[in-house]
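Coordinate inspection notes
So the chains spell out like this:
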Amino acid sequence: MKKQSIDHTKLLVLSLLAGEDMYGYQMIVELGRRSNHTFEMKEGTLYPVLHGLEKDGYVEAYQQEAPTGRVRKYYHLTRKGGAALKTEEKAWETYSGAVNAVLRSSAGLNLA
Amino acid sequence: MEQVLANLRRVTPDERAAIREELDGHIEDHICDLLELGYDEKLAEERAMAAMGDPEEVGRELDKQYPLRWLVFMKVVTVLLVMCCLAVGISLPGLRHPYLNLQARLAPKSACPAWVDHMEEDVDIRMEIGSDILYIFSTATEAKGDTAVAEVTVFYCLYDKDPIHYVSDSGVFFEDCRGEQIYGGAGGTSTAGAAYWSWSGEVLYGDPYITAVNERYGTRQTARVPLVWEEGL
């Protein structure tokens, strides 16, 4: 099950970057906001995911100066990342569909 | 932060610095947000640090994202460069001298490969001669037909006790087990770092030893060299 949670994080990160380039802390804030604080991961664990995606070529990083004058590392979704996002989305639909099917088949549950 | 960085073993120094900068920036951004919400500085810092999670886990997971390939490649290149520098270095006069001295102490046979096939018995007999060391490292014996006379060969080297000092002439001679000087012949090679000699002389077949003698500094110094004979002659 731990492997599934790592894959889900990758899917969430790629989804966030599909909309716009972001830096690490921004992704954490946005993830919490969009999921109504359902997804609130340990923030440090985002960075192994980001660096892994960068090494695999799904995202690329660049530096940009923040209003405070400090340099921030922004991440951008690559074409390869976009294709991987589509694959991860399909895999998630299959997985979540299977979970829902099992739950639906349990007696007494009424899932919308 | 130090706990995170302590678990990064595969990264280069530049990558380590970049990771530190990125994580520092993240914590700083979080602290700013908490300060805007009215947290005091100390609490904001504590909350921001706690929100990052277990630093050891973060460090370990980050480290896994960096391939070993380049690090191993760089280390191999570094080792090869060091070896090249050493190889060039020991060819330079200043460094070759101590190298020859150490070679004589530790692996004298490697300095005289042409003699190795003639060596029969390995020995380790060392005698101080002033500031030098006489090191007898091998012997050979050979019967001469049906006569009682046999030939003995002693392989030895000389090196200074101090690796950076020059070796002197030994002035060594050999006596048989009856105390008679053996008049033989010697040949060898000599550099400033070490001198190698192959000395041969006649003894009686079966003599149990000969004695290396030095009387150079006014005192008589000796070292017994055991002889091994092939049986059945």
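Residues numbered from 1 in each chain as written. Chains lettered and ligands numbered in written order. Predicted model: local features only at pLDDT ≥ 70, side-chain atom pairs only at ≥ 80, totals over all residues. Heavy atoms only, no water.

1. Things to note about the environment of Q181 of chain B
Residue and element names in this part refer to chain B. As for its position among the elements, Q181 is in strand 5 (residues 181–182). Relative accessible area serves as the criterion here: at 35%, Q181 is assigned to the partly exposed category. When the C-alpha atoms of Q181 and A212 are compared, they prove to be 9.8 Å apart, with 31 residues separating the residues in sequence. (Helix = DSSP H or I, 4+ residues; strand = E, 2+ residues; numbered from the N terminus. Buried < 20%, exposed > 50% of the residue type's maximum accessible area, 1.4 Å probe, protein only.)

2. Description of the interface of chain A and chain B
Each partner contributes residues to the interface: chain A has 20 residues there, and chain B has 22 residues. In this assembly, chain A packs against chain B so that about 1,800 Å² is buried in total across both faces, 54% of it on carbon and sulfur atoms. Ranking the residues of chain A by area buried against chain B places Y25, Y47 and R70 of chain A at the top, with a combined share of 32%. In this structure, D29 of chain B and R70 of chain A form a salt bridge, with 2.9 Å as the shortest nitrogen-oxygen distance. Along the contact surface separating chain A from chain B lie 13 residue pairs in polar contact (both at pLDDT 80 or more). With five residues, helix 3 (residues 46–55) of chain A is the single largest residue contributor to the side of chain A that touches chain B. Considering only residue class, the side of chain A that touches chain B consists of eight nonpolar, five polar and seven charged. (Contact = heavy atoms within 4.5 Å. Buried area = accessible area lost by both parts, 1.4 Å probe. Salt bridge = Lys/Arg side-chain N within 4 Å of Asp/Glu carboxyl O. Polar contact = N/O pair within 3.5 Å; in protein donor to acceptor, adjacent residues only side chain to side chain. Nonpolar A, V, L, I, M, F, W, Y, C, P; charged D, E, K, R; others polar.)

3. Some points on helix 3 (residues 41–51) of chain B
Residues and elements named next belong to chain B. Among the residues of helix 3, those classed as buried are A44, A48 and A51. Taken end-on, helix 3 shows its buried residues confined to a sector of 65°, consistent with a single buried face. Those residues of helix 3 hidden inside the fold are in contact with helix 2 (13–36). (Arc of directions from axis to C-beta.)

4. Here we look at unusual backbone geometry
Positive phi, close to 55°, is recorded for N36 of chain A, a residue that is not glycine. Note on placement: N36 of chain A falls in the loop between helix 2 (24–34) and helix 3.

5. Brief notes about a negative patch on the surface
Residues E120, E121, E142 and E230 of chain B make up a contiguous surface patch of negative charge. Within the secondary structure layout, E121 of chain B lies in strand 1 (residues 121–129). (Patch = residues over 30% accessible without salt bridge, like charges linked within 9 Å, V, L, I, M, F, W, Y side chains within 5 Å. Areas by Shrake-Rupley, 256 points an atom, 1.4 Å probe, with all protein chains shown as cover. Lys, Arg positive; Asp, Glu negative; His and termini not counted. Charge placed at Lys NZ, Arg CZ, Asp CG, Glu CD.)

6. Looking at the nonpolar core
Membership of the largest hydrophobic core comes to 34 residues, with the highest contact counts inside it found for V13, L17 and M27 of chain A together with L62 of chain B. Apart from the residues lying within four places of it in its own chain, the contact partners of V13 of chain A are M27, L46, V49, L50 and L53 of chain A. In this structure, A150, F174, A212 and W229 of chain B belong to the second largest nonpolar core, which totals 24 residues. (Core = buried A, V, L, I, M, F, W, Y, C linked by side-chain atoms within 4.5 Å.)

7. As for the sheet that holds strand 1 (residues 22–23) of chain A
In a beta sheet, neighbouring strands are held together by backbone hydrogen bonds and run either parallel or antiparallel to one another. All names here are of chain A. Taken in spatial order, the three strands make up an open sheet running 1-3-2, and their pairing is antiparallel. Every interior strand has two partners, whereas the edge strands, strand 1 and strand 2 (59–65), have only one. Direction of pairing for strand 2 relative to strand 3 (residues 71–77): antiparallel, over a ladder of seven bridges. Across the sheet, Q64 pairs through a bridge with R72, a residue of strand 3. Relative to the sheet, helix 3 contacts strand 2 and strand 3, its axis offset from that of strand 3 by approximately 55°. (Pairing = 2+ DSSP bridges. Axes fitted to C-alpha atoms, helices over the stretch in contact; angles between N-to-C directions.)

8. Notes on helix 2 of chain A
All of the buried residues in helix 2 of chain A are G24, Y25, M27, I28, E30, L31 and G32 of chain A. N36 of chain A occupies a position one or two residues after helix 2 of chain A and carries a positive phi of about 55°.

Purely spatial values, then, with no claim about function.
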